[in-house]
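# Breakdown of the fold
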Amino acid sequence: MLVFTHAECDGHVTPPGHPERVERLRAVEAGLEGLAVERRDCPPGDEAEVLRCHPAGYLARVKLAVPAEGWAQLDGDTFLAPGSHRAAMRAVGGICAAVDAVVAGEAGAAFVAARPPGHHAETAQAMGFCLYGTVAIGAKRALDHHGLARVAVVDFDVHHGNGTQDLLWDEARCLFASSHQRPLFPGTGAPEERGAHGQVLNLPLRAGSDGAAMRAAYERVILPALADWRPDLVLVSAGFDAHAADPLAGLAWQAEDFRWLAAGLWEAAGGRMVSALEGGYDLDALAASVAAYVGEMTRLSA
């Protein structure tokens, strides 16, 4: 089991009181403590990888908006600090390196512990704490660079991955499946949103849904869809904010539910799976959930 991270991800410093904060990576490190993982640095991301999903004009706008000091604000809750672009490019480099390693057979599974997150970043719009669609970029690298025929992206963050959906809407080679609380930010993720080729699968969950409801929904909808898709690689937007203790949403999962998800998704992945950190804003819950999820992936991929 590989874990990719980098100290430059701490350079994405958000304003005081912002939930997507540097301390999240300290919580992730606490969750990883004692696990038999191989650690690797996220390399700097190549801008050509960003351009697989985002137009050059958008990349240029983000870079120009980076402040020399303090913060610049891209939308209501997405901020840039002097180190934010470098951090986001480490996240891009990490997902690409993880895809490369798993496709090459160096490991069966990898986890990218980087920030800022990415699944709300649309084609030309930063939002929801996210700058670049890292998991979508990883999917496009798997398809276009490695020549894989079929890839799947699963997003279990409590918020719908509107950005990933937007970036992969017209990608017939990639299944995008998302479970999420609805109604909730960003307001997308209705079952009727099916993608240009019918390859988008949205599974809304009501506020208060617990782990049992999630497991039943996955067994009924998402896991069979993955089995039918027969992906060469599964990428996972691993947001841990569906935990009952998270302050930004209202689902009621526990850490052991993320362990169950790891096992179910691993079986569907057929031995090749790359996960990337998305949400999770209660630090203790984040640490416990990462320990359960990555711990199970470590056990299964040994």
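### Concerning the pairing of strand β6 (residues 151–155)
Here is the key point about a regular strand: its side chains alternate between the two faces of the sheet. Counting buried residues along β6, five of its five residues qualify, which places the element largely inside the surrounding structure. Of the two faces of β6, the one holding V151, V153 and D155 and the one holding A152 and V154 are both buried throughout. Pairing between β6 and strand β7 (residues 174–181): five bridges, direction parallel. Counted as the bridge partner of A152 is L175 from β7. Considered for its hand, the β-α-β crossover made up of β6, helix α6 (residues 162–168) and β7 is right-handed. Bridge count for β6 against strand β9 (residues 233–238) is five bridges, and the pairing is parallel. Note that in β9 the partner of V153 across the bridge is L235.

### Let's talk about empty space enclosed by the protein
Using the criterion set out here, one finds one cavity of 30 Å³ or more in the structure. What the largest cavity holds in volume is close to 50 Å³. Lining the largest cavity we find A91, I95, V112, A114, P116, P117, T134, A276 and L277. Breaking the lining of the largest cavity down by element, the ones donating at least two residues are α4 (84–103) and β10 (273–277). Residue composition of the lining of the largest cavity, grouped by class: eight nonpolar, one polar and no charged.

### Here we look at the pairing of β7
Burial of β7 is extensive: eight of the eight residues sit out of reach of the surface. What you see with β7 is no split at all: C174, F176, S178 and H180 on one side and L175, A177, S179 and Q181 on the other are buried throughout. Alignment of β7 against strand β8 (residues 200–205), held across six bridges, turns out to be parallel. Its bridge partner being in β8, F176 is matched across the sheet by V200.

### Here we look at the nonpolar core
In terms of nonpolar packing, the biggest core is built from 97 residues, with F111, Y132, F156, L233, L235, F240 and Y293 touching the most fellow members. In terms of residue count, the dominant contributor to this core is α4 (12 residues). Excluding its chain neighbours within four sequence positions, the residues that come into contact with L235 are I95, V99, V135, G138, A139, V151, A152, V153, V154 and V274.

### Some remarks on the sheet that holds β8
In space, the eight strands of this open sheet follow the order β2-β1-β5-β10-β9-β6-β7-β8, with parallel pairing throughout. Edge positions in the sheet fall to β2 (38–41) and β8, since each of these pairs with one other strand and no more. Strand after strand, the sheet turns through a mean of 15 degrees between neighbouring axes, direction not considered. Across the sheet, helix α1 (residues 23–32) is in contact with β1 (2–5), β2, β5 (109–112) and β10; its angle to β10 comes to roughly 140 degrees. Here helix α5 (residues 134–145) sits on the sheet and contacts β6, β7, β9 and β10; the angle it forms with β9, its principal contact strand, is near 170 degrees.

### Thoughts on the pattern of salt bridges
Applying the stated criterion across every chain yields a total of 19 salt bridges. Ionic pairing is found between D10 and R26, a salt bridge with its closest N-O pair at 3.3 Å. Here D10, found in the loop between β1 and α1, pairs with R26, found in helix α1; they are 16 residues apart in sequence, far enough to count as distant. Close ionic contact of E106 with R40 constitutes a salt bridge, the shortest N to O distance being 2.7 Å. With E106 in the loop between α4 and β5 and R40 in strand β2, the pair connects residues that are 66 residues apart, well separated along the chain. Taking relative accessible area as the criterion, E106 reaches 47% and is therefore assigned partly exposed. The network of salt bridges with shared partners includes E49, R52, D100 and R141.

Rules of the game
- Residues numbered from 1 in each chain as written.
- Predicted model: local features only at pLDDT ≥ 70, side-chain atom pairs only at ≥ 80, totals over all residues.
- Heavy atoms only, no water.
- Buried < 20%, exposed > 50% of the residue type's maximum accessible area, 1.4 Å probe, protein only.
- Helix = DSSP H or I, 4+ residues; strand = E, 2+ residues; numbered from the N terminus.
- Pairing = 2+ DSSP bridges.
- Right-handed = clockwise from strand over helix to strand, strands pointing away.
- 1 Å grid on protein atoms, 1.4 Å probe; cavity = no way out; pocket = protein on both sides within 12 Å on 5 of 7 lines; lining within 4 Å.
- Points joined across faces, edges and corners; volume = space filled by probe spheres on them.
- Nonpolar A, V, L, I, M, F, W, Y, C, P; charged D, E, K, R; others polar.
- Core = buried A, V, L, I, M, F, W, Y, C linked by side-chain atoms within 4.5 Å.
- Contact = heavy atoms within 4.5 Å.
- Axes fitted to C-alpha atoms, helices over the stretch in contact; angles between N-to-C directions.
- Salt bridge = Lys/Arg side-chain N within 4 Å of Asp/Glu carboxyl O.

Taken by themselves, the reported measurements are silent on function.
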